[in-house]
Amino acid sequence: MLNIRIAESKSDKQIADKIVVNYHSYVASARTVGRCIKYIINYQGEDVGTFWIGSGFKPTPKSILNYFEKSQSEFDGMFNSVADNKRFCMVKSIPNLGTQILKNIRNRAKKDWYDRYGDELVAILTTIGDGKKGSVYLADNWKKIGETAGLPANRKSV
């Protein structure tokens, strides 16, 4: 049985943060800037993962601007209607569970976003770490809209 809840309490937020810090493969940080809804994934009575959506980032990658057919200033007007998938992390591998999680999040995120922030959610975007293929997203029919150039070699992300 799959159950997804929003981390509302201090203890739930600590659970979500701990999962990311201990198990996320390439962004093992619980720090975020701006809006963030943290979900806890419970499967068969055990907390097995977390999924976070939150504020996007600037400058907005060209592939996102092109997808929405907006300039940066035009996109700024809809900034709070587009969520970024900040983290998706599982503590163990459970076949096909990732796709089920993404489907469940997609089906509830629009209402959760509106309830929390009062904005209509029109999209959830994600970026995939270098060397990753995003197979779980593709299996849930997410659209690949482009590739970013990444950060310059002399700059580290925080």
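Q: I keep staring at empty space enclosed by the protein and nothing clicks. Help me out?
A: Empty space among the atoms becomes apparent when a probe as large as a water molecule is rolled across them. Taken as a whole and judged by the stated rule, the model has 1 cavity of 30 Å³ or more. The calculated volume of the largest cavity comes to roughly 90 Å³. If you go around the largest cavity, the residues you meet are Gly56, Phe57, Thr60, Pro61, Ile64, Phe75, Phe79, Val82, Ala83, Asp84 and Leu125. When residues in the lining of the largest cavity are grouped by element, the largest group, 3 residues, is from strand β4 (residues 82-90). Here the residues of the lining of the largest cavity are counted per class, giving 8 nonpolar, 2 polar and 1 charged.

Q: Whenever I open this one, the state of the cysteines confuses me. Can you help?
A: Here is the idea: a disulfide is a covalent bond, and it sits between the sulfur atoms of two cysteines. For the structure on display, the rule yields 0 disulfides. The thiol of cysteine 36 is unpaired, and the distance to the nearest cysteine sulfur, on cysteine 89, comes to 13 Å.

Q: Looking at this structure, I do not really get helix α1 (residues 10-23). What am I missing?
A: An α-helical turn contains 3.6 residues, so a residue and the one three or four places further along point in the same direction. Taking 1.5 Å per residue, 14 residues should reach 20 Å; α1 reaches 20 Å between its end C-alpha atoms and fits that length. When we look at burial in α1, the residues that qualify are Asp12, Ala16, Ile19 and Val20. Around the axis of α1, the buried residues are gathered within 95 degrees of arc, so they sit on the same side. In α1, the exposed positions that point more than 90 degrees away from the buried face belong to Lys10 and Lys18. Close packing links the buried residues of α1 with β1 (2-6), β2 (36-43), β3 (46-54) and β4.

Q: I'm lost on the pattern of salt bridges in this one. Help?
A: When the charged atoms of two side chains lie near each other, side chains of opposite charge can form a pair. A complete count under the given rule lists 11 salt bridges for this structure. One salt bridge in this structure joins glutamate 8 and arginine 116, with 3.4 Å as the shortest N-O distance. Of this pair, glutamate 8 sits in the loop between β1 and α1 while arginine 116 sits in helix α4 (residues 97-117), and the two are 108 residues apart along the sequence. Of the residues examined, arginine 116 reaches a relative accessible area of 34% and is grouped as partly exposed. For lysine 86, the salt bridge identified is with aspartate 84, shortest N-O distance 3.3 Å. Judged by its relative accessible area of 8%, aspartate 84 is buried. Within this structure, Arg5, Asp12 and Asp47 form a network of salt bridges that share partners.

Q: Sorry, what's going on with α4 here?
A: The end-to-end C-alpha distance of α4, which contains 21 residues, comes to 28 Å, matching closely the 30 Å that a straight helix rising 1.5 Å per residue would cover. For α4, the principal kink sits at arginine 108 and spans about 45 degrees. Lining the buried residues of α4 we find β1, β2, β3, β4, β5 (123-125) and α5 (135-139). Directly beyond the C-terminal end of α4, a positive phi value near 80 degrees is found at glycine 118.

Q: Help me understand unusual backbone geometry, please; the structure alone is not making it clear to me.
A: Generally, phi is negative for residues other than glycine and the peptide bonds are trans, each holding for most cases. Of note, the amide linkage connecting lysine 58 to proline 59 takes the cis form, showing an omega dihedral of -5 degrees. Among the structural elements, proline 59 can be located in the loop between β3 and α2 (62-68). Its identity is not glycine, yet glutamine 44 carries a phi of approximately 55 degrees, on the positive side. Position of glutamine 44 relative to the elements: it lies in the loop between β2 and β3.

Q: How should I be thinking about the sheet that holds β1 in this particular structure?
A: Strand pairs in the sheet, formed through backbone hydrogen bonds, run parallel or antiparallel to each other. Spatially, the 5 strands line up as an open sheet ordered β1-β2-β3-β4-β5, and their pairing is mixed. Of all the strands in the sheet, just β1 and β5 have a single pairing partner and so form its edges. When the angles between neighbouring strand axes are averaged without regard to direction, this sheet yields 30 degrees. As defined by bridge partners, β4 adjoins β5 across 3 bridges and the pair is classed as parallel.

Cut-offs and rules
- Residues numbered from 1 in each chain as written.
- Predicted model: local features only at pLDDT ≥ 70, side-chain atom pairs only at ≥ 80, totals over all residues.
- Heavy atoms only, no water.
- 1 Å grid on protein atoms, 1.4 Å probe; cavity = no way out; pocket = protein on both sides within 12 Å on 5 of 7 lines; lining within 4 Å.
- Points joined across faces, edges and corners; volume = space filled by probe spheres on them.
- Helix = DSSP H or I, 4+ residues; strand = E, 2+ residues; numbered from the N terminus.
- Nonpolar A, V, L, I, M, F, W, Y, C, P; charged D, E, K, R; others polar.
- Disulfide = S-S within 2.5 Å.
- Expected span 1.5 Å × (residues − 1).
- Buried < 20%, exposed > 50% of the residue type's maximum accessible area, 1.4 Å probe, protein only.
- Arc of directions from axis to C-beta.
- Contact = heavy atoms within 4.5 Å.
- Salt bridge = Lys/Arg side-chain N within 4 Å of Asp/Glu carboxyl O.
- Bend = angle between axes of the 7 residues up to and from the residue.
- Pairing = 2+ DSSP bridges.
- Axes fitted to C-alpha atoms, helices over the stretch in contact; angles between N-to-C directions.

Geometric descriptors of this kind do not, in isolation, establish any biological role.
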